[in-house]
Amino acid sequence: MDPTAQRDSWLAQVAAAADEAALAAVETRLLAAEGELTQLLRLVTSLPKEQRPAFGKAANGVKQAVEAAIAAARTGFAARALQRELALPDFDPTEAAPAPRRGALHPITIVQNELVDLFTSLGFQWQDGPEVESEYFNFDALNIPADHPARESQDTFWCEPIDGGRRHLLRTHTSPVQVRTMQRFVKEHGPGPLKVIVPGRCFRSETVDKSHEHTFYQMEGLVVDRGVSTANLIHTMKTCLRVILERDVQVRLRPGFFPFVEPGFELDVNCPFCQGRGCSVCKRSGWIEILPCGMVHPNVLQQGGYDPEQFTGFAFGMGLQRVVMLRYGIDDIRQFMGGDLRFLRQFPEVPR
Ligand code: PHE
């Protein structure tokens, strides 16, 4: 039999395919495992030996011709599709492609970075501490009595005790790093001047609403030295708030109670929304509570290995969400952990 008998018919079928789908159907009919051309090639094994080379050569020639025709037809379809697209009235091939959108830093990261820059420029060092903390550092070392309500399960996420050992918890504030840092510093250098900040994530078993989150960010500050006073505390806080709120600020101190500071304060800043005249954000008072702070309690200094007769210190615990909310005028704390990209995209893209 003549292996080229159907050549022209097959090429005609390829040529007749009007579009990509029709072409694919022809391709399957001829070249699939049971396709007409495949079967022709298979015939070679049934022939007497001396006829095989000639038959094989001719059949392969047909196959190559058909395959080439299919490839050419396919290129033609793609070129025509592009032509059609180029002919559309609103297609401008010279227009620059839109730049891909880059990610934005989370607003808490933005403000935390600025604060870290500011405090390191003032000589503070960045300290980290564990998010899973011991009861000792989170409470005992901070002079928080065993019957203090903050220890109860409604506020603290307790971990399952391991082998009846010491109890652990998710830290409820960054203050445990105060005593951790003092102890380590004293161990390495003996008691001496210390200035640290501790940005970090904290957890409390809160019912989540507009102003409460179970997961939140604080930045602790701790300064210990000979002769540190409340005046140093006020000055440092004013400097910090001026930079972070991007304006000149007035502050005032009210008494506040925290077992690890004495005296303890609530520091207020004049309302950024009404410049102190009184508005709904500051509840007509002209002041906004911004951060708790105070002079380090002698018992805490002692836990850290410092002699409270010789050393004094101040500490503050800034709620980062609160600062971010004030700075950007955000009124719902749930936005921060909500993962809504429309919220996150409002912040500046990471620079190229
Ligand atoms: N750790 C306290 C809290 O989370 C805040 C605080 C820090 C108060 C340092 C005074 C000094 O509520």
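Residues numbered from 1 in each chain as written. Predicted model: local features only at pLDDT ≥ 70, side-chain atom pairs only at ≥ 80, totals over all residues. Heavy atoms only, no water.

### As for the nonpolar core
Counting 45 residues, the largest nonpolar core has Leu115, Phe119 and Phe316 as the members making the most contacts within it. Elements represented by at least two residues in this core include exactly α5 (107–121), β5 (215–225), α8 (230–245), β7 (261–270), β8 (287–296), β9 (312–319) and α10 (320–328). Among the elements that line this core, the one with the most residues is α5, at seven residues. Beyond its immediate chain neighbours, meaning those up to four positions away, Phe119 contacts Phe124, Ile197, Met219, Thr236, Cys240 and Phe316. Counting residues in each nonpolar core, the second largest holds 21 residues, with Leu142, Val179, Leu194 and Phe311 among its members. (Core = buried A, V, L, I, M, F, W, Y, C linked by side-chain atoms within 4.5 Å. Buried < 20%, exposed > 50% of the residue type's maximum accessible area, 1.4 Å probe, protein only. Helix = DSSP H or I, 4+ residues; strand = E, 2+ residues; numbered from the N terminus. Contact = heavy atoms within 4.5 Å.)

### With respect to the site of the ligand
Taken together, 13 residues form the shell around the ligand, and within it His173, Ser175, Arg204, Gln218 and Phe260 come nearest. Ser175 places a polar side-chain atom, nitrogen or oxygen, 2.8 Å from a nitrogen atom of the ligand. A distance of 2.9 Å separates an oxygen atom of the ligand from a polar side-chain atom of Gln218. Elements with a minimum of two residues in the shell around the ligand: β5, β8 and β9. Looking at the shell around the ligand element by element, the count peaks at three residues for β9. Residue classes in the shell around the ligand are distributed as seven nonpolar, four polar and two charged. (Near = heavy atom within 4 Å. Polar contact = N/O pair within 3.5 Å; in protein donor to acceptor, adjacent residues only side chain to side chain. Nonpolar A, V, L, I, M, F, W, Y, C, P; charged D, E, K, R; others polar.)

### Looking at the domain arrangement of the chain
Put simply, an interface is often sized by how much accessible area is lost when its parts join up. The domain boundaries assigned to the chain delineate domain 1 (7–86) and domain 2 (107–344). One C-alpha centre belongs to domain 1, the other to domain 2, and the line joining them spans 76 Å. (Domains from an automatic or database assignment.)

### Some details on the packing of α5 against α8
Viewed as axis vectors pointing N to C, α5 and α8 meet at an angle of 135°, and their least axial separation amounts to 10 Å. Our classification of the angle between α5 and α8 gives oblique. Crossing of α5 against α8: the hand is right-handed. Contacts between α5 and α8 involve Val111, Glu114, Leu115, Leu118 and Phe119 from the first element and Thr236, Thr239, Cys240, Val243 and Ile244 from the second. A per-class count over the contact of α5 with α8 returns seven nonpolar, two polar and one charged. (Axes fitted to C-alpha atoms, helices over the stretch in contact; angles between N-to-C directions. Parallel < 35°, antiparallel > 145°, perpendicular 65-115°, else oblique. Left-handed = near helix turned anticlockwise from the far one by under 90°.)

### What to know about the pairing of β7
Most of β7 is tucked away, with eight of its 10 residues classed as buried. Judged from the five bridges that link them, strand β6 (residues 251–255) and β7 form a sheet pairing that is antiparallel. Looking at β7, one finds that Arg254 is bridged to Glu266. The pairing of β7 with β8 spans eight bridges and is classified as antiparallel. Bridge pairing links Asp268 to Glu289 in β8. (Pairing = 2+ DSSP bridges.)

### A look at the sheet that holds strand β1 (residues 125–126)
Read across the open sheet, the seven strands follow the order β1-β4-β5-β9-β8-β7-β6; overall the sheet is mixed. One side of each edge strand has no neighbouring strand; the edge strands of this open sheet are β1 and β6. Examined bridge by bridge, strand β4 (residues 194–203) and β5 share 10 bridges and lie antiparallel to one another. Across the sheet, residue Leu194 finds its bridge partner in β5, namely Val224. Its contacts with the sheet put α5 on β1, β4, β5 and β9, and the angle it makes with β4 is roughly 170°.

### Digging into the state of the cysteines
A disulfide bridge is the covalent bond that connects two cysteines by way of their sulfur atoms. On inspection of all chains with the given rule, the structure shows zero disulfides. Cys271 takes part in no disulfide bond, and the closest cysteine sulfur, belonging to Cys279, lies 3.7 Å away. Free of any disulfide, Cys274 has its nearest cysteine sulfur in Cys271, 3.7 Å distant. (Disulfide = S-S within 2.5 Å.)

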